[in-house]
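Commentary on secondary and tertiary structure
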Amino acid sequence: PMTLRLTLTRHAKSSWDNTAQPDHERPLNPRGRRGAAAIGTWMETRGYAPDLILCSTATRTRETCELLAAELPGKPRIEHVKELYHASSDQMLSVLGQYDAKDVLIIGHNPGIAQLATEMAHTPPANERFSSYPTGATTVFDFPQDDWAEVRFRQGAVRDFVVPEDLGID
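What counts as what
- Residues numbered from 1 in each chain as written.
- Predicted model: local features only at pLDDT ≥ 70, side-chain atom pairs only at ≥ 80, totals over all residues.
- Heavy atoms only, no water.
- Phe/Tyr/Trp six-rings, centres within 6.5 Å; stacked < 30°, edge-to-face > 60°.
- Buried < 20%, exposed > 50% of the residue type's maximum accessible area, 1.4 Å probe, protein only.
- Helix = DSSP H or I, 4+ residues; strand = E, 2+ residues; numbered from the N terminus.
- 1 Å grid on protein atoms, 1.4 Å probe; cavity = no way out; pocket = protein on both sides within 12 Å on 5 of 7 lines; lining within 4 Å.
- Points joined across faces, edges and corners; volume = space filled by probe spheres on them.
- Nonpolar A, V, L, I, M, F, W, Y, C, P; charged D, E, K, R; others polar.
- Arc of directions from axis to C-beta.
- Contact = heavy atoms within 4.5 Å.
- Core = buried A, V, L, I, M, F, W, Y, C linked by side-chain atoms within 4.5 Å.
- Pairing = 2+ DSSP bridges.
- Right-handed = clockwise from strand over helix to strand, strands pointing away.
- Polar contact = N/O pair within 3.5 Å; in protein donor to acceptor, adjacent residues only side chain to side chain.

Some details on the packing of aromatic side chains
The description of two aromatic rings rests on the distance between their centres and on the angle between their planes. One pass over the full model with this rule turns up 6 aromatic pairs. Pairing Phe 130 with Tyr 133 gives two aromatic rings, centres 5.9 Å apart and planes at 75°, and the pair type is edge-to-face. Using a relative accessible area of 5% as the deciding quantity, one classes Phe 130 as buried. Judged by its relative accessible area of 0%, Tyr 133 falls in the buried class. With a centroid separation of 6.0 Å and an interplanar angle of 45°, the aromatic rings of Tyr 133 and Phe 161 are classed as tilted. With Tyr 133 in the loop between helix H4 (112–120) and strand S5 (138–143) and Phe 161 in strand S6 (residues 157–162), the pair connects residues that are 28 residues apart, well separated along the chain. Like Phe 161, Tyr 133 is buried. Here the aromatic residues Phe 130, Tyr 133 and Phe 161 are joined through ring pairs into a cluster of three or more.

Next up, the structure:
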């Protein structure tokens with residue numbers, strides 16, 4: 001039986017309306033808000049219910065987290081982790097190893113989140129969007145280990161993959 005689950009979500013579509021705004025402060029745009037909620041609904045209907053959400057401190061990831069989590073059953077614990085802001089895949093794995101929740105959702109940024117998804121997958125999903133990991137892209141992995149410290153690259157069984165476009169968010 002699979003004992004650990006990891007979901008990796010790239011923040012939803014963000015706004016570039018204010019070019020003077022620092023990258024960390026950029027909010028979601030309306031499409032991004034719809035996309036984040038749609039991913040949450042998709043997770044809920046498929047029975048994906050993380051115990052813990054680890055979220056980058058950037059405005060766009062926090063907003064994605066809030067909108068997505070509002071659609072989930074139960075109330076997952078949410079930790080805003082500054083080390084996840086533009087983290088590499090190695091940094092994300094290192095952050096993950098500090099927690100003992102069995103079912104974790106990480107909300108982060110490209111290129112790191114795409115890189116981590118690619119490196120975790122034993123066999124990538126047959127969806128051409130997996131390699132580009134567009135905004136809102138979400139992959140659900142199961143691992144045979146029972147401790148995040150034991151998880152290595154290429155051991156994740158991809159259980160599901162979706163992008164907001166698949167859910168009718170244009």
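Moving on from the coordinates now.
Here's the deal with empty space enclosed by the protein
Enumeration according to the criterion identifies 1 cavity of 30 Å³ or more in this entry. Here the lining of the largest cavity is built from residues that sort into 3 nonpolar, 3 polar and 3 charged.

Things to note about helix H3 (residues 89–96)
For H3, the set of buried residues is Ser 89, Met 92, Leu 93, Val 95 and Leu 96. Mapping the buried residues of H3 onto a view down its axis gives an arc of 160°, with all of them on the same face. Tucked inside the fold, the buried residues of H3 contact strand S1 (4–10), strand S2 (52–55), strand S4 (103–108) and H4.

Observations concerning the nonpolar core
Counting 31 residues, the largest nonpolar core has Leu 6, Leu 8, Leu 54, Val 104, Ile 106 and Tyr 133 as the members making the most contacts within it. Listed by contribution, the elements that provide at least two residues to this core are S1, S2, H3, S4, H4 and S5. Looking at this core element by element, the count peaks at 5 residues for H4. Leaving out residues up to four positions away in the same chain, Leu 54 has contacts with Glu 79, Val 81, Leu 84, Val 95, Leu 96, Tyr 99, Val 104, Leu 105, Ile 106 and Ile 107. Counting residues in hydrophobic clusters, the runner-up holds 14 residues, among them Met 43, Cys 65, Ala 69 and Leu 72.

Observations regarding the pairing of strand S3 (residues 77–80)
Where a strand is regular, its side chains alternate between the two sheet faces. Inspection of the sheet shows S2 paired to S3 by 4 bridges, in the parallel sense. Bridging across to S3, Cys 55 finds its partner in His 80. With respect to chirality, the unit in which S2 leads through helix H2 (residues 59–69) into the neighbouring parallel S3 is right-handed.

Remarks on unusual backbone geometry
A cis geometry characterises the amide bond from Asn 110 onward to Pro 111, with omega recorded as 5°. With respect to the secondary-structure elements, Pro 111 resides in the loop between S4 and H4. With phi around 50°, His 86 is a residue other than glycine that occupies positive phi space. As for its position among the elements, His 86 is in the loop between S3 and H3. A positive phi angle, near 70°, is found at Arg 154, a position not held by glycine. With respect to the helices and strands, the residue Arg 154 is situated in the loop between S5 and S6.

Examining the side chain of Arg 60
Counting through the fold element by element, Arg 60 comes out in helix H2. For Arg 60, the side chain forms a polar contact with the main-chain oxygen of Asp 23, separated by 2.6 Å. Setting aside its immediate chain neighbours within four residues, Arg 60 contacts His 11, Ser 14, Asp 23, His 24, Arg 26, Pro 27, Leu 28, Tyr 85, His 86 and His 109.

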